[in-house]
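Chain and residue survey
This is what each chain is made of:
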Amino acid sequence: MTARIDSAQNIKDSNTQFITSKFSIYNQDCTEGLKALSNNSIDCIITDPPYFIDGMGSEWNDTNLKTKASKSGVIGGLPVGMKFDKAQGERLQEFMNPLANEFYRILKPGGFCIVFSQARLYHRMAMSLDLAGFEIRDMLAWKYEGQAKAFSQTHFIKKDKNLTQAQKESLIKELEGYKTPQLKPQIEPMVMAQKPKEGTFVQNWQKHKLGLINTKESLDGRFPSNVMGVSKHTRKNESNIKIEHLTPKPVCLISHLVRLFTQEEQIVLDPFMGSGSHGIAALNNHRFFIGYEIEKKYFEIAKKRIEQEVL
Ligand SMILES: C[S@@+](CC[C@H](N)C(=O)[O-])C[C@H]1O[C@@H](n2cnc3c(N)ncnc32)[C@H](O)[C@@H]1O
């Protein structure tokens, strides 16, 4: 089997999979699902794995997250995404190392593997892909509006029983404007990794139509940059369906990546499909798509969006 999509002539719809001649999506753990894909069968991977911060790990569970983050946007006493724990990076790398080996196995030579990460844990993601044999070509950044999240210490100083009132007042004055070490987050990094090509760029292109990027593709009319400015608000106009997912990516951002790194009729894979934005981007750009999502609820959202939003 080159890839499941080739053998799927008719629509196959069941509780756990939806397969047509253009796409195959599975409600399945990708660590299992990817095993069914052949070596060198996928043209490009564009994916957004669990962040491994604040419970958004491999055990990413919609109900848990909702309970934790619900109305307040607070997890464990801190706003979402701000709990500092060194073990989070170690867990991410442990999770990603075997997956990166799988990504390497199934990608064609010269194929690109674009993986979103979180600024604090990007190095772990890049290391997993590097160790698997990929060439780390660049760090790309999705640039968005951002929202300042740093904390003042006033509240903690006021509550400190070891300080006199005078000491508290003096310390609060001294620390005016000083906050926890968090600049306003305005980028989400992506690792731009490439499976080593066969021969020269031209030889690899002749064999696989992969390895070079399409610099005619642009978000702003200029030469494509490694900083990609796309407003988070674009998401609101991109879907008529309520997307009940914490982290949907803008379809126009993923479309840009699809057009930069692949040709029409090539196969784009997203092992962590979430609400299906990568599938919509691939299919609306006339690429084939394979996706996996472990959570039933998100799989159903992705399925509905792909059915309704693919032109
Ligand atoms: C960051 S989100 C992806 C969001 C997606 N880019 C979108 O636009 O909606 C990561 C997704 O991976 C899913 N996930 C976590 N572990 C998984 C696994 N082992 N196999 C498949 N999906 C998994 C989570 O349920 C979550 O929906």
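Here's what I pulled together on the structure shown here. Predicted model, so just to flag it, every value in this text is computed and none were measured.

Definitions and limits used
Residues numbered from 1 in each chain as written. Predicted model: local features only at pLDDT ≥ 70, side-chain atom pairs only at ≥ 80, totals over all residues. Heavy atoms only, no water. Helix = DSSP H or I, 4+ residues; strand = E, 2+ residues; numbered from the N terminus. Buried < 20%, exposed > 50% of the residue type's maximum accessible area, 1.4 Å probe, protein only. Contact = heavy atoms within 4.5 Å. Areas by Shrake-Rupley, 256 points an atom, 1.4 Å probe, with all protein chains shown as cover. Near = heavy atom within 4 Å. Polar contact = N/O pair within 3.5 Å; in protein donor to acceptor, adjacent residues only side chain to side chain. Nonpolar A, V, L, I, M, F, W, Y, C, P; charged D, E, K, R; others polar. Pairing = 2+ DSSP bridges. Axes fitted to C-alpha atoms, helices over the stretch in contact; angles between N-to-C directions. Left-handed = near helix turned anticlockwise from the far one by under 90°. Phe/Tyr/Trp six-rings, centres within 6.5 Å; stacked < 30°, edge-to-face > 60°. Lys NZ or Arg CZ within 6 Å of the ring centre and 35° of its normal. Salt bridge = Lys/Arg side-chain N within 4 Å of Asp/Glu carboxyl O. Parallel < 35°, antiparallel > 145°, perpendicular 65-115°, else oblique.

A closer look at the overall build of the protein
The helix and strand inventory of the protein stands at 12 helices and 12 strands. Burial status across the protein gives 46% buried among its 311 residues. Partitioning the contacts of the protein with sequence separation of at least 6, the portion at a separation of at least 24 is 76%. Looking at the protein as shown, the accessible area adds up to about 15,900 Å², and 52% of this sits on carbon and sulfur atoms.

Brief notes about the site of the ligand
If you check the shell around the ligand, you find 24 residues, and the closest are H245, K249, S275, S277 and E293. One of the side-chain nitrogen or oxygen atoms of D48 is found 3.0 Å away from a nitrogen atom of the ligand. Protein coverage of the free-state accessible area of the ligand, which is 610 Å², stands at 100%. Class assignment for the residues of the shell around the ligand results in 11 nonpolar, eight polar and five charged.

Comments concerning the environment of G276
For G276, the position within the fold is in the loop between β11 (267-270) and α11 (277-284). Overall, G276 belongs to the buried group, its relative accessible area being 0%. Each C-alpha atom, one on G276 and one on E300, is 9.4 Å from the other, the two residues being 24 residues apart in sequence. Filtering out sequence-adjacent residues up to four positions away, G276 remains in contact with A302, R305 and I306.

Notes on the sheet that holds strand β8 (residues 135-143)
Strand order in the open sheet made by the 10 strands is β1-β2-β3-β12-β11-β4-β7-β9-β8-β10, with mixed pairing throughout. Both edges of this open sheet fall to β1 (12-13) and β10 (227-229), since each of them pairs with a single strand only. By the bridge criterion, five bridges tie strand β4 (residues 42-47) to strand β7 (residues 107-116) in an arrangement that is parallel. Note that in β7 the partner of C44 across the bridge is F112. On the sheet, helix α8 (residues 201-208) packs against β4, β7 and β8 and is oriented at approximately 95° with respect to β7. Contacts between helix α12 (residues 296-309) and the sheet are confined to β1, β2 (17-19), β3 (23-26) and β12 (288-292), with β3 contributing the most and set at about 160° to the helix.

Here we look at the packing of helix α4 (residues 87-106) against helix α5 (residues 122-132)
How two helices pack is summed up by the angle between their axes together with the distance between the axes. Running from N to C, α4 and α5 cross one another at 35°; their axes reach a closest spacing of 8 Å. Crossing angle aside, the handedness with which α4 passes α5 is right-handed. Contacts between α4 and α5 involve G89, E90, L92, Q93, M96, N97, A100, N101, F103 and Y104 on the former and, on the latter, R124, M125, M127, S128, L129, L131 and A132. In terms of residue class, the contact of α4 with α5 is built from 10 nonpolar, five polar and two charged.

With respect to the packing of aromatic side chains
Counted according to the given criterion, the structure contains seven aromatic pairs. Seen in terms of ring centroids, F18 and F23 are 5.5 Å apart; in terms of plane orientation they differ by 70°. Their pairing is edge-to-face. Arranged with centres 6.0 Å apart and planes meeting at 55°, the rings of F95 and F272 form a pair that is tilted. On the criterion of sequence distance, the pair formed by F95 in helix α4 and F272 in the loop between β11 and α11 is long-range, its members being 177 residues apart. A single burial state applies to F95 and to F272, both of which are buried. A connected cluster of aromatic rings, assembled from ring pairs, spans F52, F95 and F272. When the ring centre of F201 is taken as origin, the NZ or CZ atom of K197, which lies over that ring, is 4.3 Å away. The positively charged end of K303 is found above the aromatic ring belonging to F18, 5.2 Å away from the centroid.

What to know about the pattern of salt bridges
Under the counting rule described, the total for this entry stands at 12 salt bridges. When the shortest N-O distance is used, the salt bridge between K249 and E188 registers 2.9 Å. Taken together, the positions of K249 in the loop between α9 (234-238) and α10 (251-261) and E188 in strand β9 (residues 187-194) put the pair 61 residues apart, joining distant regions of the chain. When its relative accessible area of 11% is taken as the criterion, E188 is described as buried. Between K297 and E244 there is a salt bridge, with its nearest N and O atoms 3.3 Å apart. Of the two residues, K297 is situated in helix α12 and E244 in the loop between α9 and α10; the sequence distance between them amounts to 53 residues.

With respect to the packing of α11 against α12
One way to put it is that α11 packs onto α12 with a least axis distance of 9 Å and a crossing angle of 25°. Relative to α12, the element α11 lies roughly parallel. Crossing of α11 against α12: the hand is right-handed. In contact with S277, G279, I280, L283 and N284 of α11, α12 contributes R305, I306 and E309. Its residues placed into classes, the contact of α11 with α12 shows three nonpolar, three polar and two charged.

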